Amino acid sequence: QVQLVESGGGLVQPGGSLRLSCAPSGIISRVNAMAWYRQAPGKERELVASIANGGSTNYADSVKGRFTISFDNAKNTAYLQINSLKPEDTAVYSCNADLYSYGVRYNPYWGKGALVTVSP
């Protein structure tokens with residue numbers, strides 16, 4: 001019954017900003033951690049940012065200082081604020097979660113992804 005739904009992707013000019021959202025559907029008991037990955041055409045999937053329940057965060061060197069991951073405890077929703085976008089940021093961004101639903105732990109659990117295209 002659990003699904004991760006990403007939203008907020010689209011076409012943006014270089015230097016622009018987007019905010020991606022990852023909202024679990026269904027009944028969620030607890031979220032231990034969430035993360036954002038991305039995969040550009042012809043490249044391997046890479047970890048962009050992660051956040052633990054306690055609030056600690058990690059970022060890839062390529063996005064550090066431009067991307068910010070956050071988590072809303074009331075909504076069990078993760079966000080990725082992406083600023084100063086560059087063409088090389090173009091990729092499918094996927095949400096990943098470590099969570100509990102109906103007493104079952106899902107780790108990892110993946111969303112289907114949202115496409116971000118950065119082009120003049």
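All values derive from a computational prediction rather than experimental measurement. (Residues numbered from 1 in each chain as written. Predicted model: local features only at pLDDT ≥ 70, side-chain atom pairs only at ≥ 80, totals over all residues. Heavy atoms only, no water.)

*Asks:* Would you mind going over the side chain of Asp89 with me for this structure?
*Replies:* Looking at the secondary structure, you find Asp89 in the loop between β8 (77-82) and β9 (91-101). Residues contacting Asp89, with those up to four places away along its chain left out, are Arg38, Arg66, Phe67, Ser84, Val116 and Val118. (Helix = DSSP H or I, 4+ residues; strand = E, 2+ residues; numbered from the N terminus. Contact = heavy atoms within 4.5 Å.)

*Asks:* Can you walk me through unusual backbone geometry in this structure?
*Replies:* For residues besides glycine, phi is generally negative; the peptide bonds are generally trans as well. Look at the link from Asn107 to Pro108: it is a cis peptide, with omega at 0 degrees. For Pro108, the location among the structural elements is in strand β10 (residues 104-110).

*Asks:* Please clarify how the nonpolar core should be interpreted in this entry.
*Replies:* Soluble, globular proteins show a tendency: their nonpolar side chains are buried together. Within the largest apolar cluster, 30 residues are counted, with the highest numbers of intra-cluster contacts made by Met34, Trp36, Val48, Phe67, Leu80 and Tyr93. For this core, the elements supplying multiple residues, two or more each, are β3 (18-25), β4 (30-39), β5 (46-52), β7 (67-72), β8, β9 and β11 (114-118). Among the elements that make up this core, the one with the highest residue count is β9 (five residues). (Core = buried A, V, L, I, M, F, W, Y, C linked by side-chain atoms within 4.5 Å. Buried < 20%, exposed > 50% of the residue type's maximum accessible area, 1.4 Å probe, protein only.)

*Asks:* Quick question: what am I supposed to make of the sheet that holds β3 here?
*Replies:* What links the strands of a sheet is backbone hydrogen bonding, and the strands pair in either a parallel or an antiparallel sense. Pairing is antiparallel across the open sheet formed by four strands, whose spatial order is β1-β3-β8-β7. With one partner strand each, in any of the chains shown, β1 (3-7) and β7 form the two edges of the open sheet. Between one strand and the next, the sheet's axes are offset by a mean angle of 15 degrees, whatever the strand orientation. (Pairing = 2+ DSSP bridges. Axes fitted to C-alpha atoms, helices over the stretch in contact; angles between N-to-C directions.)

*Asks:* Please clarify how the pairing of β5 should be interpreted in this entry.
*Replies:* Moving residue by residue along a regular strand, the side chains alternate between the two faces of the sheet. As paired strands, β4 and β5 are joined by six bridges and run antiparallel to one another. Counterpart to Arg38 in the pairing with β5 is Glu46. Taking the residues between adjacent antiparallel strands as the criterion, β4 and β5 are bridged by six residues, where Gly42 takes a positive phi near 75 degrees. Sheet topology places β5 next to strand β6 (residues 57-59); three bridges connect them, and they run antiparallel. Bridging across to β6, Ile51 finds its partner in Thr57.

*Asks:* Please clarify how the packing of aromatic side chains should be interpreted in this entry.
*Replies:* How two aromatic rings sit relative to each other is given by the distance of their centres and the angle of their planes. Applying the stated criterion across every chain yields a total of two aromatic pairs. The ring of Tyr37 is capped by Arg45, whose NZ or CZ atom sits 5.5 Å from the centre of that ring. (Phe/Tyr/Trp six-rings, centres within 6.5 Å; stacked < 30°, edge-to-face > 60°. Lys NZ or Arg CZ within 6 Å of the ring centre and 35° of its normal.)

*Asks:* Explanation requested: the pattern of salt bridges in the structure shown.
*Replies:* Pairing between side chains becomes possible if they bear opposite charge and their charged atoms approach one another. The final tally for this structure, using the stated rule, is five salt bridges. Where Glu46 meets Arg38, a salt bridge forms, and the shortest distance between an N and an O atom there is 2.8 Å. Here Glu46 falls in the partly exposed class, since its relative accessible area comes to 31%. Look at Arg38 and you get buried, because its relative accessible area is 7%. Through salt bridges that share partners, Arg38, Glu46, Arg66 and Asp89 make up one connected network. (Salt bridge = Lys/Arg side-chain N within 4 Å of Asp/Glu carboxyl O.)

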